[in-house]
Amino acid sequence: MRIKALEAFCKLVELGGIAPAAEAMYCVPSNITKMVKDLERDLSEPLFNRIRGRLIITPFGRQYYHDVLQLVTLNTSLTSKYRQKEGIYTLTIGAIDVAADHWLPERMAAFTEKNPDIRLHLIRGYSHELEAALYNHDVDVIFSDGPIVTPEIVSTPAFTEHLVLTGDPRDTAMDPLPLYSFGEKCFYQKVTKNWLTTQPINKFQLTDMESYPAMAALIRRGTGVAFIPECMLESLNCTSLVTAGIKIPCQVYGAWSKDNQHTAIKLLINAICQTSEL
C-alpha cells in the first residue's frame, strides 16, 4: 500500500471531491480515481458509495480515514523535517543497467551542479519493473528501452546503445553453442530471441546468465557467446572477443507521466536527453 494513495484518499475525504483533491495533489482527476479504487481493491471493502455521481464515504471509509490520517500526517512531518531548506525538490530516477552505470552518472553530476536545489535519487531495474514503477508513481522519470507508447506516459529518445555479439559464433566445441542472456524480465532477451529466429535451428541454446562478468569469463574460455552492451566491452576486457561484427541498436528513452509537469522534470529531461556532449 503506497503513501501517495493514502494521501489521495485523505484529500478526497477532506476536500469532498475528485477535482479539488487532484488539484491539491498536482495530478489529473483520473489518478485520484485510480488510487482510491486500488485502495478499495487491496482492502476488499468500499471506501465510498457511488450515488448519482457523488461519492459518499462509507462507515468503514470514515474509520479508515481516521486511522491512516495519522500515518499521512507523520509522513508530511518527516518530509518537512528532513528537507534541508525550502524550495528543494527531489526527483527519483529509475534506470536500466547501461543507463545507470554508463550513461547517466556524469550527466547527473553536471545537472546537480547546475541545479543544486533539485536532488536526484537513482534506482535501477529491468524495463518492465521501471515502467510499472512509473505507472504507480514510485519514480518520477525512467530511462528504459522504448519507446513507451501509452496515453499516460510521455517518452523521448535519450541515447542509443548497441548490443554486440561477443565470442566466436563459428565455435563448434559445444553443440549447440550456449547463447548467454539475462532472463525474461530483461528487454535484451527479447532482442536476443529475435536474432535467434534468423539463425539455423539448434545452432545456439539460449542460456540465462544474469551477470555480464560471468558471461565474459565463459566467452573467454570458448564456452559460448553473448550480446553484450558496447559500453561494457572495455571494462569486461572483451573488446578482442568481438569477431562477428554483429551489432544491434537499442534505443533508450527518457519517460515520465503526462500528468506530472513539474518544472524539475522538464529541466532534467532537457538537460539529459538533449545533451550529446558534456
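Above this note sits the structure.
Residues numbered from 1 in each chain as written. Predicted model: local features only at pLDDT ≥ 70, side-chain atom pairs only at ≥ 80, totals over all residues. Heavy atoms only, no water.

A. Representation of the packing of aromatic side chains within the structure. As enumerated under the stated definition, the model contains nine aromatic pairs in all. Here F9 and Y65 contribute two aromatic rings whose centre-to-centre distance is 6.4 Å and whose plane-to-plane angle is 70 degrees, an arrangement assigned as edge-to-face. Placement of F9 in helix α1 (residues 3-15) and of Y65 in helix α4 (residues 59-82) is noted, with a sequence separation of 56 residues between them. Here the two residues F9 and Y65 agree in accessibility, since each one is buried. Among the aromatic residues, those joined into a cluster by ring pairs are F9, F48, F60, Y64 and Y65. (Phe/Tyr/Trp six-rings, centres within 6.5 Å; stacked < 30°, edge-to-face > 60°. Helix = DSSP H or I, 4+ residues; strand = E, 2+ residues; numbered from the N terminus. Buried < 20%, exposed > 50% of the residue type's maximum accessible area, 1.4 Å probe, protein only.)

B. Structural context of the state of the cysteines. Throughout the structure, instances matching the rule amount to zero disulfides. Counting only cysteine sulfurs, C27 is the nearest neighbor of C10, a cysteine outside any disulfide, at a range of 14 Å. The class of C10 is buried, set by a relative accessible area of 1%. (Disulfide = S-S within 2.5 Å.)

C. Geometry of the nonpolar core. Core analysis: the biggest nonpolar cluster contains 61 residues, and L104, L120, F143, Y188, Y212, I228 and L268 have the highest contact counts within it. In this view, L120 contacts L91, I93, M108, F111, T112 and L268; residues no more than four positions away in its chain are not counted. (Core = buried A, V, L, I, M, F, W, Y, C linked by side-chain atoms within 4.5 Å. Contact = heavy atoms within 4.5 Å.)

D. Spatial organisation of unusual backbone geometry. A cis amide bond links D175 to the next residue, P176, at an omega of 0 degrees. Mapped onto the elements of the fold, P176 is located in the loop between β6 (153-166) and β7 (177-181). Here S44, not a glycine, exhibits a phi torsion of approximately 55 degrees, which is positive. With respect to the helices, strands and loops of the structure, S44 is situated in the loop between α3 (29-43) and β1 (48-51). Unlike most non-glycine residues, N202 shows phi in positive territory, near 70 degrees.

E. Quick look at helix α9 (residues 212-220). Of all the residues in α9, the buried ones are Y212, M215, A216 and I219. Projected down its long axis, α9 carries its buried residues within an arc of 100 degrees, all on one side. Looking at the packing, one finds that the buried side of α9 touches α5 (97-103), β6, β7, α8 (187-196) and β9 (225-229). Taken from the residues just after α9, G222 is the one with a positive phi, measuring 75 degrees. (Arc of directions from axis to C-beta.)

F. Broad picture of the pairing of strand β3 (residues 89-95). Most of β3 sits inside the fold, with five of its seven residues counted as buried. Relative to strand β4 (residues 118-124), β3 runs parallel, the two sharing seven bridges. Each residue of the ladder has a partner; that of A95, found in β4, is R124. Both β3 and strand β5 (residues 141-145) contribute to a ladder of three bridges, which runs parallel. Paired with G94 across the bridge in β5 is I142. (Pairing = 2+ DSSP bridges.)

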